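# What the coordinates show
The residues making up each chain are set out below.
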Amino acid sequence: MEPRKTIAILGTGWLGMPLVRALAHRGHAVRASYRREATRAQLLDLGADPYPIDLPALSGPLEVFLRDCDALVVTLPPGGRRLREEATTTYLAALAPLADVLTDGLHLVYTSSTGVYGRAAGGRVTEATPPAPDTHSAQAVLAAERWLSDRAARLTVLRLAGLFGPGRDPASFFASGRTVAQADAPVNLVHQADAVAAIAHVIGTGATGTFNVCAATHPTKRAFYGTLSQRAGREAPIFTAGGAAGKLVDSTALRTLGWVPRHDDLTLT
Ligand SMILES: NC(=O)c1ccc[n+]([C@@H]2O[C@H](COP(=O)([O-])OP(=O)(O)OC[C@H]3O[C@@H](n4cnc5c(N)ncnc54)[C@H](OP(=O)(O)O)[C@@H]3O)[C@@H](O)[C@H]2O)c1
């Protein structure tokens, strides 16, 4: 039986909410942020303590949110598509109130993205590969990693690959008639349940550092999305050639620490 911890989760959306469920299920005391009443009700149903927090404007409750907490998980998204050039400034402004409330004993877990490596990265990409973010979101996320590492005594950065799972079916990522560019490139995806398990794993072990979180198999986009659309009875997307030398995100480091994903085989054979 794991020792009971008090864990705060900032951001309870598509990834944060099942994380609340999983951690509460394991018997941890879970505090969770919300911005909407419907989210508050869901959190209460899951047995979590809801805190109204909307950063940076509504940051007052952060102090009690984090008081005597063992771990804080930050899952706020960078919003690069919406905010474009403003994404990094806006994201760092949202995180800024944390600077006053982080304590040395707190284990901070940040859900970053493998987007930080950039689209030009090729071959096997490990945590030692230099980041080269080339989207507004990836630039904001890398800036957040650096901002947090300057302020958190115990930090785990989980660089998540493309997320899929309930409500985010890869079969619908590319609708019929849409073009999949660089269709010979490998896919780098991770299932919601495995991302949740990775977060729970680093909280349980206390492992700090930076880790890639990605399924072990990397079929080409052509094979993966082609098979999925075929299975869904849809017309295949349009594939354009290229990308065979694209990046393969390597998550050996986290596996070596004991993370065991359940959705590793994406070959669809
Ligand atoms: N999608 C991917 O493929 C992918 C890949 C790699 C990494 N990631 C990372 O995975 C993490 C989780 O993503 P997700 O899909 O769960 O995002 P999501 O569904 O958009 O959930 C984000 C949560 O954060 C809350 N939130 C947003 N801005 C906030 C603010 N300023 N103050 C307080 N709360 C705020 C949202 O509240 P509301 O519900 O009220 O909006 C929501 O509960 C993010 O860190 C993202 O960067 C995602």
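Scope of this entry: the structure provided in the associated data block. (Residues numbered from 1 in each chain as written. Predicted model: local features only at pLDDT ≥ 70, side-chain atom pairs only at ≥ 80, totals over all residues.)

## Some remarks on the overall build of the chain
- The helix and strand tally for the chain stands at 9 helices and 13 strands.
- By the compact-globule yardstick of 18 Å for 269 residues, the chain fits well, its C-alpha radius of gyration being 19 Å.
- Burial analysis of the chain (269 residues in total) assigns 43% to the buried set.
- Taking as baseline every contact in the chain between residues at least 6 positions apart, the subset at least 24 positions apart corresponds to 76%. (Helix = DSSP H or I, 4+ residues; strand = E, 2+ residues; numbered from the N terminus. Rg over C-alpha atoms; globule rule 2.2 N^0.38 Å. Buried ≥ 20, exposed ≤ 12 C-beta atoms within 10 Å, placed from the backbone. Contact = placed C-beta atoms within 7 Å.)

## Brief notes about the site of the ligand
- Every one of the 24 residues lining the ligand counts as a neighbour, but Gly11, Gly13, Trp14, Leu15 and Arg35 are closest to it.
- For the shell around the ligand, the elements supplying multiple residues, two or more each, are β5 (107–113) and β8 (162–164). (Near = placed C-beta within 6 Å.)

## Some points on the pairing of strand β1 (residues 6–10)
- Among the 5 residues in β1, 4 count as buried, and that is most of the element.
- Summarising the sheet, β1 and strand β2 (residues 29–34) pair through 4 bridges and their orientation is parallel. For Ala8, the partnering residue across the bridge sits in β2 and is Arg31.
- Read from β1 through helix α1 (residues 16–25) to β2, the crossover connection turns out right-handed.
- Across 4 bridges, the pairing between β1 and strand β4 (residues 71–74) is parallel. The residue bridging Ile7 from the neighbouring strand is Ala71, located in β4. (Pairing = 2+ DSSP bridges. Right-handed = clockwise from strand over helix to strand, strands pointing away.)

## Some thoughts on the sheet that holds β4
- Spatially, the 7 strands line up as an open sheet ordered β3-β2-β1-β4-β5-β7-β11, and their pairing is parallel. Of all the strands in the sheet, just β3 (49–52) and β11 (209–213) have a single pairing partner and so form its edges. Across the sheet, the axes of successive neighbouring strands diverge by a mean angle of 20°, strand direction being ignored.
- Of the strands in this sheet, β2 and β3 touch helix α2 (residues 37–45), which is tilted by about 170° from β2.
- Of the strands in this sheet, β1, β4, β5, β7 (154–160) and β11 touch helix α7 (residues 192–205), which is tilted by about 165° from β7. (Axes fitted to C-alpha atoms, helices over the stretch in contact; angles between N-to-C directions.)

## Here we look at the environment of Asp134
- Its place among the elements puts Asp134 in the loop between β6 (123–125) and α6 (136–151).
- According to the C-beta neighbour criterion, Asp134 is partly exposed, with 13 such atoms within 10 Å.
- Sequence-wise, Asp134 and Pro186 are 52 residues apart; in three dimensions their C-alpha atoms are separated by 18 Å.
- If near-sequence neighbours (up to four positions away) are discounted, Asp134 is found in contact with Gly118, Arg119 and Ala120.

## Some points on the nonpolar core
- Formed by 72 residues in total, the largest nonpolar core has its most connected members in Val73, Ile199 and Val213.
- In terms of residue count, α7 provides more of this core than any other element does, 8 residues in total.
- Leaving out residues up to four positions away in the same chain, Val213 has contacts with Leu158, Arg159, Leu160, Ala161, Val190, Ala195, Ala198, Ser251 and Leu254. (Core = buried A, V, L, I, M, F, W, Y, C linked by C-beta atoms within 7 Å.)

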